[in-house]
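Residues per chain, in single letters:
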Amino acid sequence: MTDLFEKLLKNRGPLGMHSKESYGYFMFPKLEGDISNKMIFRGKEKLIWSLNNYLGLANHPEVRKADTEAASHFGFAAPMGARMMSGNSTHHEKLEQDLASFESKQASILLNYGYQGMVSAIDCLVDRHDVIVYDSESHACIIDGVRLHMGKRFVYPHNDLANLEKQLSRAAKIVNETGGAILVITEGVFGMSGDQGKLKEIVELKKKFSFRLFVDDAHGFGTMGKTGAGAGEEQGVQDGIDIYFGTFAKSMALIGGFIASDDQVVDYLRHNMRSQIFAKSLPMPLVLGAQKRLDLLKTQPELKDKLWKIVRALQDGLKNAGFDIGKTQSPVTPVYLNGTIPEATNLIIDLRENYDIFCSMVVYPVVPKGIIILRLIPTAIHTLEDVSYTIESFRKIHVNLKAGKYQADKIVPV
Ligand SMILES: Cc1ncc(COP(=O)(O)O)c(C=O)c1O
């Protein structure tokens, strides 16, 4: 027998094992000042490429005004209780109607947090007779929702349609016996690589197999498609998405999320989804704040145009400078480099301290050993000067990396 706490301390996990040397720099850094393209990190201004504030709404004057007025009028307590018991309001219902019509769906249901809502929705939609088929690069909230599933689940390699077909055949055999149904889950835009789920092709497979499609469009909502309705709109298959998920945590720069679908499905979720039935309703300032952001998203298309101007300049510029940015088809911009983890940390230190550029890095175990991803998130508030300065700086650090200047035996505490 072991003491639980002793066991936890012995194996602190893949991230926790670096906690001492990483705290405050690589992990849990503190970005201070107004949310913008330039913010303060450890007392000094940095150019920030890490925030999913795609449309620049976080600090939009109309958003700040709406947030302030809602907080002052309602406070953060109202409404009290879960939606079903005592926490409903006309504002919640209006936002749900507006989100549904923005997504060309009959109805929608608000979620307190995207992650928790996604987990709970998956849990709510399927029972042990059903089969889930999902993409291997799915976000943790999909993986964790699938973990709760008591029936069979089949994973297909990222965006591999031939394999998806194979998994659908396996799933079809099982549900023919159990009398269950098939749920396919993928993302609209994959948050690490920036490529889109192959929604068009997946929807096409409905002609061959009977299944419902659930799309997590956290990164596509507000950024993709003509109106910003997301990856389904972008690929012309919004109708083929049976259940659409969006979060407020990215384009909307807030907290919360929603699921949009048919009337009866949303009604089912409302009466069965444990994360919403057994948890307090979204506070009024978040609901009114989301309403304001959605209104701006609909009425100020220039925000998305600005975002894409920066995306194009950044992605074209990086490619022209010889960088590998993978298969991105969205604002998410990964820059793939080769190196060890100590090299990656020294490179990031150089970038932050000497070039005043702050971006996120992704290394093993998230990606295979030897690969370093510098992940850039362009937004509507970045400038073309930010872009050219960053590309020029990246050129220099890449030369250093290739010359072995960042080599080290271990991660140096900062
Ligand atoms: C693909 C995806 N799904 C879901 C979530 C969770 O959203 P939230 O931050 O609203 O919990 C995120 C955010 O990190 C995400 O990237």
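Going by the structure above, here's the rest.
As the structure is a prediction and not an experimental result, all values here were calculated from the model. (Residues numbered from 1 in each chain as written. Predicted model: local features only at pLDDT ≥ 70, side-chain atom pairs only at ≥ 80, totals over all residues. Heavy atoms only, no water.)

> Before we move on, could you go through the overall build of the chain and cite the residues and values that matter?
The helix and strand tally for the chain stands at 16 helices and 14 strands. Relative to a compact globule of 414 residues, whose C-alpha radius of gyration would be 22 Å, the chain shows 22 Å and is just as compact. With the principal axes as the frame, the chain shows a C-alpha extent of 60 × 55 × 55 Å. Within the chain, residue pairs in contact and separated by at least 24 positions form 69% of the contacts whose partners lie at least 6 positions apart. (Helix = DSSP H or I, 4+ residues; strand = E, 2+ residues; numbered from the N terminus. Rg over C-alpha atoms; globule rule 2.2 N^0.38 Å. Contact = heavy atoms within 4.5 Å.)

> If you had to explain helix 13 (residues 284-299) to someone new, which residues and values would you point to?
The end-to-end C-alpha distance of helix 13, which contains 16 residues, comes to 22 Å, matching closely the 22 Å that a straight helix rising 1.5 Å per residue would cover. Regarding helix 13, the residues found buried are M284, P285, L286, V287, G289, A290, Q291, R293, L294, L296 and L297. Of the surrounding secondary structure, the elements contacted by the buried residues of helix 13 are helix 4 (61-74), helix 5 (90-102), strand 4 (107-111) and helix 14 (302-320). (Expected span 1.5 Å × (residues − 1). Buried < 20%, exposed > 50% of the residue type's maximum accessible area, 1.4 Å probe, protein only.)

> Tell me about the sheet that holds strand 14 (residues 371-376), residues and numbers included.
The sheet built from 3 strands is open, its strands ordered 11-14-13 with antiparallel pairing. The open sheet has two edge strands with one neighbour each: strand 11 (333-338) and strand 13 (360-362). Direction aside, the axes of adjacent strands within the sheet are offset by 25 degrees on average. In terms of strand pairing, strand 13 meets strand 14 through 3 bridges, oriented antiparallel. Counted as the bridge partner of V362 is I373 from strand 14. Together, strand 11, strand 13 and strand 14 form the strand contacts of helix 15 (residues 341-354), whose direction differs from that of strand 14 by roughly 30 degrees. (Pairing = 2+ DSSP bridges. Axes fitted to C-alpha atoms, helices over the stretch in contact; angles between N-to-C directions.)

> So what's going on with helix 4? Which residues, and what values?
Compared with an ideal rise of 1.5 Å per residue, which puts 14 residues at 20 Å, helix 4 spans 20 Å between its outermost C-alpha atoms and is within 8% of the ideal. Within the sequence span of helix 4, burial applies to V63, A66 and A70. Buried residues of helix 4, viewed axially, fall in a sector of 65 degrees; they line one side. Away from its buried face, by an angle of more than 90 degrees, helix 4 presents the exposed residues P61, K65, T68 and S72. At its buried positions, helix 4 is contacted by helix 13. (Arc of directions from axis to C-beta.)

> Quick rundown of the packing of helix 4 against helix 13? Include the residues and the values.
Packed helix pairs are characterised by how far apart their axes lie and by the angle those axes make with each other. Where helix 4 contacts helix 13, the axes come no closer than 8 Å and their chain directions differ by 155 degrees. When the axis of helix 4 is compared with that of helix 13, the two are roughly antiparallel. Crossing angle aside, the handedness with which helix 4 passes helix 13 is right-handed. Judged by residue contacts, E62, V63, A66, D67, A70, A71 and F74 of helix 4 engage M284, P285, L288, G289, K292, R293 and L296 from helix 13. Split into classes, the residues belonging to the contact of helix 4 with helix 13 amount to 9 nonpolar, 1 polar and 4 charged. (Parallel < 35°, antiparallel > 145°, perpendicular 65-115°, else oblique. Left-handed = near helix turned anticlockwise from the far one by under 90°. Nonpolar A, V, L, I, M, F, W, Y, C, P; charged D, E, K, R; others polar.)

> Help me get a handle on the pairing of strand 2 (residues 38-41), residues and values and all.
Consecutive side chains along a regular strand alternate between the two faces of the sheet. Here strand 2 shows a clear split, with M39 and F41 buried on one side and none of K38 and I40 buried on the other. Of the strand pairs in this sheet, strand 1 (residues 31-32) and strand 2 are connected by 2 bridges, and their pairing is antiparallel. Across the sheet, residue E32 finds its bridge partner in strand 2, namely I40. Across 4 bridges, the pairing between strand 2 and strand 3 (residues 44-48) is antiparallel. Bridge assignment links I40 to a residue of strand 3, and that residue is E45. In textbook terms, the turn of a hairpin is the stretch between consecutive antiparallel strands, and for strand 2 and strand 3 this stretch comprises 2 residues, one of which, R42, has a positive phi near 50 degrees.

> If you had to explain the site of the ligand to someone new, which residues and values would you point to?
Around the ligand there are 13 residues in total, and G114, Y115, D216, T247 and K250 lie nearest to it. Separating an oxygen atom of the ligand from a side-chain N or O atom of H139 is a distance of 3.4 Å. The contact in question runs from a nitrogen atom of the ligand to an N or O atom on the side chain of D216, over 2.6 Å. Those elements that provide at least two residues to the shell around the ligand are helix 6 (114-125) and strand 9 (243-247). Tallied by class, the residues present in the shell around the ligand amount to 5 nonpolar, 5 polar and 3 charged. (Near = heavy atom within 4 Å. Polar contact = N/O pair within 3.5 Å; in protein donor to acceptor, adjacent residues only side chain to side chain.)

> Please provide a residue-by-residue account of the environment of F358, values included.
By the element assignment, F358 lies in strand 12 (residues 357-358). For F358, a relative accessible area of 4% gives the class buried. In this structure the C-alpha to C-alpha distance between F358 and K38, which are 320 residues apart in sequence, comes to 9.3 Å. Beyond its immediate sequence surroundings of up to four residues, F358 is in contact with P29, L31, F41, K46, L47, I48, W49, S50 and R352.

> Please set out the packing of aromatic side chains residue by residue, giving values where relevant.
Taken as a whole, this structure holds 9 aromatic pairs when the rule is applied. Note on F221 and F258: the rings are 5.2 Å apart at their centroids and 65 degrees apart in plane angle, and the pair reads as edge-to-face. With F221 in the loop between strand 8 (212-216) and helix 10 (231-234) and F258 in strand 10 (residues 257-261), this residue pair connects regions lying 37 residues apart in the sequence. The exposure classification of F221 matches that of F258, with both residues buried. An aromatic cluster is present here, built from F102, F221, Y244, F248 and F258 joined pairwise through their rings. Of note, R352 hangs over the ring of F358, and the distance from its end group to the ring centre comes to 3.9 Å. (Phe/Tyr/Trp six-rings, centres within 6.5 Å; stacked < 30°, edge-to-face > 60°. Lys NZ or Arg CZ within 6 Å of the ring centre and 35° of its normal.)

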